[in-house]
Amino acid sequence: MNIAVLIKQVPDTAEVKINPETGTLIREGVPSIINPYDLHAIEAAVALRESKGEGKVTVVTMGPPQATDALKDAIAMGADEAVLVSDRAFAGADTWATSYTLTLAMKKIGPDLIIAGKQAIDGDTAQVGPGVAEMMDIPHVAYVRKIEDATDKAIRVQRLMDDGYDVVEADLPALLTVVRELNVPRLPSLKGKMRAKKAEIPVWSAADLGADESMLGLNGSPTQVKKIFAPEARGDREMIEGSAEEQADKIISKLTELKCL
Amino acid sequence: MSVIKINQDLCSGCESCLSVCPYDAIEMKDGKASINEYCQICSSCIEVCPEGAITDTRGAGGSSEGKLADYRGVWVYAEQRDGKVGSVANELLGAGRRLADDLGVELAAVVIGAPESEAKALIEHGADKVYVVDDEGLRAFNDEPYSEIISDLIGEHKPEIILAGATAIGRSFIPRIAARMHVGLTADCTQLEVDKDTRNLNQTRPAFGGNIMATILTPNHRPQIATVRPRVMKAIEPDAGRTGEVVTVKAQYRKPRTRVIETVKEESASSVNLQEAQIIVSGGRGCGGPETFVMLEELAGVLEGTVGASRAAVDEGWIPYRHQVGQTGKTVCPKIYIACGISGAVQHLVGMQSSDLIIAINRNADAPIFNVATYGVVGDLKEIVPILIKKIKKSKGIA
């Protein structure tokens, strides 16, 4: 079984802080990491290849040249090959243009199964996985929390829902997006790290993909960011002063006014 | 290359733009600012440049206006489980009604896989028209036929705006529609406003793990599609006297390549409580350990509320994930939200700021949680909370 894994290199948003004066992000010293959900996708792909005893795992990312680091980390975890999809023409891509670009890369690879994290932690949209599936004209299952069975023809998984889970079977080729409950990602092995160091990672440009330029980057993106801002403060705040005892009394009188007591 | 350009002759090298760029996309080269490949075209730098050296080279307006004008009306996707339409549909209708009225157009709801009898409540909550696709084969959620059917309906009726819940269902199949039709989709919106002149939908959502807010536009494509998290928009009071049209749709779709074998309900009682609760007592990093949550549990108990938590407290392992409120947890909208030792990272705020009333207790008077609080209490929660518990018990006559 040939499996492709879609990953993204992201800033560690848990480390991002806001400058209270300017309301902007402080990016200094924020590390770039593999999107945490994608680690579970890599683990699932490598584990599936191991259990089948055959096949190949190819990790693909679209990003700037430094995203190679993320691909090398994935090889260290056990992926066989990696491809960087990178071109200045991709800049400013929204989820539509990103899905388009990755779809061309997937068509070039021709995998039986594509696995991605449920969403990336910088954008949190969860749109690129299903978008790629639609453009490839293959089925997808989102929020996969367990892979129950995989044959050459179909895969059976548990899909997390808001009120429980569904057991879903999909014909292959198919695309899955996965959640944290799926597995525990392995740490890179020493052997893996050696392989990653030596790995040659091909870079595919817009021309290599045979892309329609009007569908790429900003040109291909229906959505535009109009503005970015820090959330506003509510204007009507009242501070409750005094000793702890007095503060507690005032809170209780407010709750009583609101008929909560 | 970014469409944002810096005129090197005008740039004075003052670096004002560097500090406002949220993406680290501006660097200094030979004493002049230049834009690198990280640029996301947010335009923050344009506004701060004192020299007017930074411009957006895209120009204004699209070229396909005639085509855009063919699209009229607001739609809401009303999702169902087991043939019952959920409450998120009513919330979306509340938001959709306002947008439709602003634009002077009709508001329609689309239901797939539920009986026609479900349409009545949707009309009472604000829909002028309900498209019902009732088909036994569509009772269980299935991405492929659902996206195919809605895409076909869009092609036929051409709505200008579509709202769907940012739920497991909406977030899974709506992206297929956007991909298929080459239209814009904005996920997890917390605020929606229309510009009456351009008829563009200003879609505001948290970005960067909820650290900042972004307003997204889809100026040259229709329909404009947005998903909205449950509990963010308010439903309007149902009006039993409202009338509307019910349109039964006989859908045709390809044989799905995915099959739902089994549906298992697994409701975690407390997570349901969190979203239904009238009062939430929530704890963050300032709690210092799991023992403080025992105390918050007791306070929630005497107030007949439930316990929430920030991501920091959940990451520390003090309380399970199902209690988490915020961007990566639950969005809640109680009558009263009591935030104890929560500093108020934006990713937490987006999950609770629409609460009717917020009481914040924090030792740090500069904590951002006080910016959204109705009542701010600077103090030690470990002192104040036990006093609260004691006094409330006393007033309620509990020993």
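Residues numbered from 1 in each chain as written. Chains lettered and ligands numbered in written order. Predicted model: local features only at pLDDT ≥ 70, side-chain atom pairs only at ≥ 80, totals over all residues.

Topic: the overall build of chain B
So, point 1. Along its length, chain B carries 13 helices and 22 strands.
So, point 2. Considering only C-alpha atoms, chain B reaches an extent of 70 × 70 × 40 Å along its principal axes.
So, point 3. In chain B, 65% of the contacts between residues at least 6 apart in sequence involve partners at least 24 apart. (Helix = DSSP H or I, 4+ residues; strand = E, 2+ residues; numbered from the N terminus. Contact = placed C-beta atoms within 7 Å.)

Considering the interface of chain B and chain A
So, point 1. Listed per partner, the contact involves 85 residues of chain B and 72 residues of chain A.
So, point 2. Its residues placed into classes, the side of chain B that touches chain A shows 42 nonpolar, 25 polar and 18 charged.
So, point 3. With 7 bridges connecting them, strand β11 (residues 164–171) of chain A and strand β17 (residues 258–265) of chain B associate as antiparallel partners. Paired with Glu169 of chain A across the strands is Arg259 of chain B, a residue of β17 of chain B. (Nonpolar A, V, L, I, M, F, W, Y, C, P; charged D, E, K, R; others polar. Pairing = 2+ DSSP bridges.)

Description of helix α4 (residues 128–136) of chain A
So, point 1. Burial runs high along α4 of chain A: 9 of the 9 residues are buried.
So, point 2. Those residues of α4 of chain A that fall on the buried side of the exposure criterion are Val128, Gly129, Pro130, Gly131, Val132, Ala133, Glu134, Met135 and Met136 of chain A. (Buried ≥ 20, exposed ≤ 12 C-beta atoms within 10 Å, placed from the backbone.)

Concerning the sheet that holds strand β18 (residues 279–283) of chain B
So, point 1. Read across the open sheet, the 6 strands follow the order β15(A)-β22(B)-β21(B)-β20(B)-β18(B)-β19(B); overall the sheet is parallel. Across the chains shown, the open sheet's two edge strands, defined by having one partner strand only, are β15 (238–240) of chain A together with β19 (306–309) of chain B. Mean inter-strand twist for the sheet, computed between neighbouring axes without regard to direction, equals 20 degrees.
So, point 2. As paired strands, strand β20 (residues 336–340) of chain B and strand β21 (residues 357–362) of chain B are joined by 5 bridges and run parallel to one another. (Axes fitted to C-alpha atoms, helices over the stretch in contact; angles between N-to-C directions.)

Digging into the nonpolar core
So, point 1. Core analysis: the largest hydrophobic core is formed by 217 residues, its most contacted members being Val5, Ile42, Ala74 and Ile115 of chain A together with Ala109, Val110 and Val111 of chain B.
So, point 2. With residues near it in sequence (within four places) discarded, Ala74 of chain A still touches Ile7, Ile34, Ile42, Val59, Ala79 and Ala82 of chain A. (Core = buried A, V, L, I, M, F, W, Y, C linked by C-beta atoms within 7 Å.)

Details of the sheet that holds strand β7 (residues 81–85) of chain A
The pairing of strands in a sheet happens through backbone hydrogen bonds and is either parallel or antiparallel.
So, point 1. Reading across the sheet, the 10 strands line up as β13(A)-β7(A)-β6(A)-β1(A)-β8(A)-β12(A)-β9(A)-β10(A)-β11(A)-β17(B) and stay open at both edges, with mixed pairing between neighbours. Each edge of the open sheet carries a strand with a single partner, namely β13 (203–204) of chain A together with β17 of chain B.
So, point 2. Judged from the 4 bridges that link them, strand β1 (residues 2–7) of chain A and strand β8 (residues 113–117) of chain A form a sheet pairing that is parallel. Looking at the pairing, Ile3 of chain A lines up with Leu113 of chain A of β8 of chain A.
So, point 3. Each of β1, β6 (56–62) and β7 of chain A touches helix α2 (residues 68–76) of chain A; the most contacted strand, β7 of chain A, lies at about 165 degrees to it.

Points about the environment of Asp102 of chain B
So, point 1. Assignment of secondary structure puts Asp102 of chain B in helix α4 (residues 87–103).
So, point 2. Classification of Asp102 of chain B as partly exposed rests on a count of 14 C-beta atoms within 10 Å.

A few points about the pairing of β20 of chain B
Residues and elements named next belong to chain B.
So, point 1. In terms of residue burial, β20 counts as a mostly covered element, since 5 of its 5 residues are buried.
So, point 2. Both faces of β20 are covered, namely the face carrying Ile336, Ile338 and Cys340 and the face carrying Tyr337 and Ala339.
So, point 3. Read from β20 through helix α11 (residues 346–352) to β21, the crossover connection turns out right-handed. (Right-handed = clockwise from strand over helix to strand, strands pointing away.)

Section: unusual backbone geometry
So, point 1. The omega angle of the peptide bond from Leu172 of chain A to Pro173 of chain A is 0 degrees, so this bond is cis rather than trans.
So, point 2. Mapped onto the elements, Pro173 of chain A comes out in the loop between β11 and β12 (174–178).
So, point 3. Residue Arg222 of chain B is joined to Pro223 of chain B through a cis peptide bond whose omega torsion reads -5 degrees.
So, point 4. Mapped onto the elements, Pro223 of chain B comes out in the loop between β14 (212–217) and β15 (224–228).
So, point 5. Positive phi is not limited to glycine here, since Asp30 of chain B has a value of about 50 degrees.
So, point 6. Mapping Asp30 of chain B onto the fold places it in the loop between β2 (26–29) and β3 (32–35).
So, point 7. Even without a glycine there, the phi angle at Lys158 of chain B is positive, about 50 degrees.

Details of the environment of Leu255 of chain A
Residue and element names in this part refer to chain A.
So, point 1. When you line up the elements, Leu255 lands in helix α7 (residues 244–257).
So, point 2. With 20 C-beta atoms packed within 10 Å, Leu255 lands in the buried category.
So, point 3. Not counting the four nearest positions on each side in its chain, Leu255 is found in contact with Cys260 and Leu261.

So, the pairing of β19 of chain B
All names here are of chain B.
So, point 1. Burial of the side chains of β19 extends over both faces: Thr306 and Gly308 are buried on one face and Val307 and Ala309 on the other.
So, point 2. Sheet topology note: the β18/β19 ladder contains 4 bridges and is parallel. Across the sheet, the residue bridging to Gly283 is Ala309, located in β19.
So, point 3. The β-α-β motif built from β18, the intervening helix α9 (residues 290–302) and the parallel element β19 has right-handed crossover chirality.

Focus on the domain arrangement of chain B
So, point 1. Each assigned domain of chain B is listed with its residue range as follows: domain 1 (4–56), domain 2 (65–248) and domain 3 (269–395).
So, point 2. Computed over C-alpha atoms, the centres of domain 1 of chain B and domain 2 of chain B are 38 Å apart. (Domains from an automatic or database assignment.)

Some details on the packing of α7 of chain A against helix α13 (residues 381–395) of chain B
So, point 1. At their nearest, the axes of α7 of chain A and α13 of chain B sit 9 Å apart, and the two run at 50 degrees to each other. By the criterion of interaxial angle, the relationship of α7 of chain A to α13 of chain B is oblique. The element α7 of chain A and its partner α13 of chain B pack so that their crossing is right-handed. Every residue of α13 of chain B that contacts α7 of chain A at Ala244, Glu245, Gln247, Ala248, Ile251 and Ile252 of chain A is listed here: Glu383, Ile384, Ile387, Leu388, Lys391 and Ile392 of chain B. (Parallel < 35°, antiparallel > 145°, perpendicular 65-115°, else oblique. Left-handed = near helix turned anticlockwise from the far one by under 90°.)

Notes on the confidence of the model for chain B
Residues and elements named next belong to chain B.
So, point 1. In this model, chain B carries an average pLDDT of 90, and 94% of its residues clear a pLDDT of 70 or more.
So, point 2. Note that residues 59–66 has pLDDT below 50 and, in this model, 3 contacts with residues that lie over four places away or in other chains.
So, point 3. Scoring of the predicted complex yields 0.82 for pTM and 0.90 for ipTM. (pLDDT = per-residue confidence, 0-100.)

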